[in-house]
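# Understanding the architecture of this molecule
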Amino acid sequence: MTVESTAARKPRRSAGTKSAASAGAKRTGPAAKKSPGTTGAEPELVQLLTPEGKRVKDATYDPYVADITPEELRGLYRDMVLTRRFDAEATSLQRQGELGLWASLLGQEAAQIGSGRATREDDYVFPTYREHGVAWCRGVDPTNLLGMFRGVNNGGWDPNSNNFHLYTIVIGSQTLHATGYAMGVAKDGADSAVIAYFGDGASSQGDVAESFTFSAVYNAPVVFFCQNNQWAISEPTEKQTRVPLYQRAQGYGFPGVRVDGNDVLACLAVTKWALERARHGEGPTLIEAFTYRMGAHTTSDDPTKYRADEERESWEAKDPILRLRTYLEASHHADEGFFAELEAESEALGKRVREVVRAMPDPDHFAIFENVYADGHALVDEERAQFAAYQASFADEGEGK
Amino acid sequence: MAAEKMALAKAINESLRTALDADPKVLIMGEDVGKLGGVFRVTDGLQKDFGEDRVIDTPLAESGIVGTAIGLALRGYRPVVEIQFDGFVFPAYDQIVTQLAKMHARALGKIKLPVVIRIPYGGGIGAVEHHSESPEALFAHVAGLKVVSPSNASDAYWMMQQAIQSDDPVIFFEPKRRYWDKSEVNKDAIPGPLHKARVVREGADLTLAAYGPMVKVCVEAAAAAQEEGKSIEVLDLRSMSPIDFDSVQASVEKTRRLVVVHEAPVFLGTGAEIAARITERCFYHLEAPVLRVGGYHAPYPPARLEEEYLPGLDRVLDAVDRSLAY
C-alpha cells in the first residue's frame, strides 16, 4: 500500500465546515487543520484588495494593474453590479416560471469580471454555463444567454460574433475545445490567446486532464480559469482533490496560481499575466480563482441540505462588490452620484431583461429540423416533410368545419 | 491518369495525401499516425512529407483527440482524426455525441464542424478484445453525425475526399479486413454523391444489401447462388447515415425480396432500420419479410470463435434460401 492510499483512509472533514477554510478567512475549528496531501503550508493566494477594501502590494502582479485608472476601476465595479443585477433578475424570472432553470453566479462576479476584462477582443473564450459576467465583458447581450434557459433554443448565439463560445453543459468538455482552438491559434501564428472556464467539480473530469496534457504537449496559448466556488452541486472540493487545485498544473509542466477569486483587481492582474504568457509562446497556465458560490448550484438545487448557513455568512464578509466599493469610496475614486447613477442603470437593465424574456417568442415549429446538418440529410428532409404534412392536416380539419 | 490498382488502405493514404496537398487547413491527428504511419500504415509517409504540424502524433487520449479536433475546426481547420480501433472510440463517444454532433445546431448554423473521424472497424483479422467491433449503429442513431463505410479502394479514395470536404462531422468506418484488398482507383473519375448506394451486381430474384466488409461476402454469395440458378442483386449501401432508402426501395421493387447483411449485432442495428423502412415503403411489393444476417447479441467473441460469429457465405445463403422459400 502506498503512502497516499494510507492517507486516503483517514477520516475526512465534514462538508458543513470545510469551506470556512478560505485563505484570508479567520480559521477556526476543524477547518483549520491542514488538508491531507498538502505540504502543510497554506497555498499562497494572490490578493491585491483585502476583504476590508484595502489595497495591498504584490511585486509580481502589481505591474499588471499599475496603469489602471479610476475610471477603469469604476468600470469594474459597474460590471460587477450590473452582472449581479442581471443574475438576480434571471433568478427571479425562473421563480416566476419564465425560465426553466438558472445557474446563478452570485458571489463569483470578481472572478468573472476580473478575468473577462483581462481578455483582448481577438482572444477566444470557452465558458461553462455560469459565465454570465464573462459574457458581459465580451459584449454579449445578456438576454442572449437566456434563450436556452427559457427553452427557445439550445445555445442561440453566433460564437464568432464576440469570440465567446456557446455555454457547455457537459462538465469540462469545453476545455478540450479551448485547447484545440488554441492549437489552431498557434498554427496560425496569431498572438491572441484562449481562455477556458471550468469549476472545481470539472477538475475531476478526464477531459480537463486531457486538455492539460494536450495544451502542455503542444504549448498551446490557453489559460485555464478554474473558479473554485467550493461546491460541485452538493459535493465539496475535498471530493474532487487531495491537493489545492492550482497545484495540478505542476504535474503537467505549466504554472498554476491561486488567486483570491473575490478580488477583482487580483483576478484581472493574474489573468493578464497568464494571457501575456500565452501570447508570448510560453504555453498554458492554470488559474484557480478561490471564490464562493453564494447561491444554489442552479435554481433546482437546495444548498441548505448540504452546507451550513455560517459558511455562506463567512463568505459574505468577503463580498467582491462591497470590497471594491469600500476601496473606491476610501480612495475618492467614486462619489455618491456615481453610485446613484449606477443604481438607476441597474434598475433599467433589470426592466429590460424582464421585458425581453417575456417577449421572447417560441421558436417556429420547423426549427426542430433546422441546422441539424450543414450539408443536409435525406432523413431530416423526409421527416420535415412528414411533420409538415401532419401540421397541415390540422389546417385542413379547420377549413372543413 | 489511368485507373490504378491499389489496396484499400493505400487508397485512403492517397486520398489523405491529396487532401493535405489541396488544402492547408486539412490536418491528420491521432495516436501513432506520424512516424509509424498508423498501426495499419494508412497514414504512412504523410508526416514525412507534410510535417509534424500537419500530421500530428497525439497523446494517447481519445476524448482529447476528438475534443481538440473540435476546437481546431472552430478555428477553421479540417481535422481528420484516427481512432486506432473500433473499441477504443468509446472514451471519445461523449465528445462525438454531446459536442461534435450538436454544435452546429446549437449555434443556429453559424459555425461548422468539418471533422472526419476515421475508425478501422469490424472483425476477421484474429485480433484481441476491443479490436473487432462494429459500432456504426450507435453513431448513425445520433442526429448531426454522418456515417459512411467504403467497401473497396475506389470508394475509399473518393469517399474520403468527400468526407473531408463535407461541412458536417463524418464518422468514416474503414473495413480493416479489406485494407489489403486491391481494386481499381480512377482519380480522374467524377464520383457519385457520398451517401448514394451502389448496385454492385444486378439481379432479379432477391436483393442483398450490405456495406463495408460484408459487400465482398455478399458478392461471393450471389455468385454461389447463381450456380443454383438464383439471380441475386447486391447493393453496397456505402452510407449508414443517411441511408439511401430510395436505392434500396428501387431494388426491392424489382426483386421483391431483401436480406440485409452486416457484421454488427442484428438487434437494433442498421438492418433493423432498413427492414422497418422498407416494409413501410414496399409492403405490397414484398414477397417475403425482410431478413437480417449479422452478429449476435453477445460481446464480440475471442478470435478462435469469430468465424462462428461473423456472417459468412453459408449464413448469407441460408437467409437467401429462407427468403425465397416464402
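Because the structure is predicted, anything quoted here is derived from the model rather than measured. (Residues numbered from 1 in each chain as written. Chains lettered and ligands numbered in written order. Predicted model: local features only at pLDDT ≥ 70, side-chain atom pairs only at ≥ 80, totals over all residues. Heavy atoms only, no water.)

### Examining the overall build of chain B
Each helix and strand counted, chain B has 12 helices and 14 strands in total. A compact globule built from 326 residues would reach a C-alpha radius of gyration of about 20 Å, and chain B, at 19 Å, matches this within 12%. C-alpha extents for chain B along the principal axes are approximately 60 × 40 × 40 Å. When each of the 326 residues of chain B is scored for burial, the buried share is 62%. Of the contacts made within chain B by residues no fewer than 6 positions apart, 81% connect residues no fewer than 24 positions apart. Accessible area for chain B stands at about 12400 Å²; split by element, carbon and sulfur atoms hold 53% of it. Charged side chains of chain B number 36 positive and 45 negative; the gap between the two group centres comes to 4 Å. (Helix = DSSP H or I, 4+ residues; strand = E, 2+ residues; numbered from the N terminus. Rg over C-alpha atoms; globule rule 2.2 N^0.38 Å. Buried < 20%, exposed > 50% of the residue type's maximum accessible area, 1.4 Å probe, protein only. Contact = heavy atoms within 4.5 Å. Areas by Shrake-Rupley, 256 points an atom, 1.4 Å probe, with all protein chains shown as cover. Lys, Arg positive; Asp, Glu negative; His and termini not counted. Charge placed at Lys NZ, Arg CZ, Asp CG, Glu CD.)

### Observations concerning the nonpolar core
With 144 residues, the main nonpolar core has Leu-324 of chain A together with Ile-96 and Ile-117 of chain B as its most contacted residues. For this core, the leading source of residues is helix H11 (residues 264-279) of chain A, giving 11 residues. If near-sequence neighbours (up to four positions away) are discounted, Leu-324 of chain A is found in contact with Leu-49, Leu-73, Leu-76, Tyr-77, Met-80 and Val-264 of chain A. If you look at the next biggest cluster of nonpolar residues, it comprises 33 residues, including Leu-20, Val-42, Val-55 and Phe-85 of chain B. (Core = buried A, V, L, I, M, F, W, Y, C linked by side-chain atoms within 4.5 Å.)

### Details of the environment of Gln-391 of chain A
All names here are of chain A. The residue Gln-391 is located in helix H15 (residues 378-400) in this model. For Gln-391, a relative accessible area of 26% gives the class partly exposed. Spatially, the C-alpha atoms of Gln-391 and His-365 are 9.4 Å apart, while their sequence positions differ by 26 residues. At 3.4 Å, the side chain of Gln-391 and the side chain of His-365 are in polar contact. (Polar contact = N/O pair within 3.5 Å; in protein donor to acceptor, adjacent residues only side chain to side chain.)

### Focus: the environment of Asp-260 of chain A
Residue and element names in this part refer to chain A. With respect to the element layout, Asp-260 can be found in strand S6 (residues 256-260). Each C-alpha atom of the pair Asp-260 and Tyr-64 lies 16 Å from the other, and the pair is 196 residues apart in sequence. Here Gln-47 takes part through its side chain, which lies 2.6 Å from a polar atom of the side chain of Asp-260.

### A word on the sheet that holds strand S3 (residues 55-57) of chain B
All names here are of chain B. If you walk across this open sheet you meet the 7 strands as S3-S2-S4-S5-S7-S6-S12, and the pairing is mixed. Only two strands of the sheet have a single partner each, and these edge strands are S3 and strand S12 (239-241). Sheet twist, expressed as the mean angle between neighbouring strand axes with direction ignored, is 20°. Relative to strand S4 (residues 78-82), strand S2 (residues 26-30) is paired through 5 bridges, and the arrangement is parallel. Looking at the pairing, Leu-27 lines up with Pro-79 of S4. (Pairing = 2+ DSSP bridges. Axes fitted to C-alpha atoms, helices over the stretch in contact; angles between N-to-C directions.)

### So, empty space enclosed by the protein
Residues and elements named next belong to chain A. The full count for this structure, using the stated rule, is 3 cavities of 30 Å³ or more. Here the second largest cavity defines a volume of roughly 50 Å³. Around the second largest cavity sit Phe-198, Ser-203, Val-208, Phe-212, Cys-226, Leu-245, Arg-248 and Leu-286, which together line it. Taken together, the residues of the lining of the second largest cavity break down into 6 nonpolar, 1 polar and 1 charged. (1 Å grid on protein atoms, 1.4 Å probe; cavity = no way out; pocket = protein on both sides within 12 Å on 5 of 7 lines; lining within 4 Å. Points joined across faces, edges and corners; volume = space filled by probe spheres on them. Nonpolar A, V, L, I, M, F, W, Y, C, P; charged D, E, K, R; others polar.)

### Topic: the sheet that holds strand S13 (residues 258-265) of chain B
Residues and elements named next belong to chain B. In spatial order, the strands read S9-S11-S10-S13-S14; together these 5 strands make up an open sheet with mixed pairing. The open sheet has two free edges, formed respectively by strand S9 (198-201) and strand S14 (291-295), since each of these has just one partner strand. Pairs of neighbouring strands in the sheet enclose a mean axial angle of 25°, with direction left out of account. Pairing between strand S10 (residues 206-210) and S13: 3 bridges, direction parallel. Looking across to S13, one finds that Ala-209 is bridged to Val-260. The strands that helix H9 (residues 245-255) touches are S10, strand S11 (232-236) and S13; relative to S11, the one it contacts most, it runs at about 175°.

### Thoughts on the interface of chain B and chain A
Facing 46 residues of chain B, the contacting portion of chain A comprises 44 residues. Summing both partners gives a buried area of about 3500 Å² for chain B against chain A, and 55% of it is carried by carbon and sulfur. At the boundary of chain B and chain A, one finds 6 salt bridges. Arg-75 of chain B is the partner of Asp-188 of chain A in a salt bridge, and the nearest nitrogen-oxygen pair spans 2.7 Å. Elements with a contribution of two residues or more to the side of chain B that touches chain A: S3, helix H3 (62-74), helix H4 (90-100), helix H5 (103-106) and helix H10 (270-281) of chain B. Of the residues belonging to the side of chain B that touches chain A, the class tally is 18 nonpolar, 14 polar and 14 charged. (Buried area = accessible area lost by both parts, 1.4 Å probe. Salt bridge = Lys/Arg side-chain N within 4 Å of Asp/Glu carboxyl O.)

### Re the environment of His-365 of chain A
Here His-365 of chain A lies in the loop between helix H14 (336-359) and H15. Each C-alpha atom of the pair His-365 of chain A and Phe-387 of chain A lies 9.3 Å from the other, and the pair is 22 residues apart in sequence.

### A closer look at the packing of aromatic side chains
Under the criterion given, the structure shown has 41 aromatic pairs over all chains. Taken together, the aromatic side chains of Phe-86, Trp-102, Phe-149, Trp-157, Phe-164 and Tyr-167 of chain A make up a single cluster linked through ring pairs. Over the face of the ring belonging to Phe-339 of chain A we find Arg-325 of chain A, whose NZ or CZ atom lies 3.8 Å from the ring centre. Positioned above the aromatic ring of Tyr-77 of chain B, the side-chain terminus of Lys-25 of chain B is 4.4 Å from the ring centre. (Phe/Tyr/Trp six-rings, centres within 6.5 Å; stacked < 30°, edge-to-face > 60°. Lys NZ or Arg CZ within 6 Å of the ring centre and 35° of its normal.)

### Notes on the packing of H9 of chain B against H10 of chain B
Residues and elements named next belong to chain B. Between H9 and H10, the shortest axis-to-axis distance is 10 Å and the interhelical angle comes to 60°. Judged by the inter-axis angle, H9 sits oblique to H10. With respect to the hand of their crossing, H9 and H10 are arranged in right-handed fashion. On the side of H9, the interface is formed by Phe-245, Asp-246, Val-248, Gln-249 and Val-252, while H10 contributes Glu-273, Ile-274, Arg-277, Ile-278 and Arg-281. (Parallel < 35°, antiparallel > 145°, perpendicular 65-115°, else oblique. Left-handed = near helix turned anticlockwise from the far one by under 90°.)

### Things to note about the side chain of Gln-249 of chain B
Within the fold, Gln-249 of chain B resides in helix H9. Beyond its immediate chain neighbours, meaning those up to four positions away, Gln-249 of chain B contacts Ile-278, Arg-281 and Cys-282 of chain B.

### Things to note about the UniProt feature "domain: Dehydrogenase E1 component" (unreviewed entry) in chain A
Within this numbering scheme, the UniProt entry marks residues 78-356 of chain A as carrying the feature "domain: Dehydrogenase E1 component" (unreviewed entry). Secondary structure across residues 78-356 of chain A divides into 47% helix and 11% strand, with the first and last C-alpha atoms of the span separated by 22 Å. (UniProt positions renumbered as here; feature names shortened; annotations may be inferred.)

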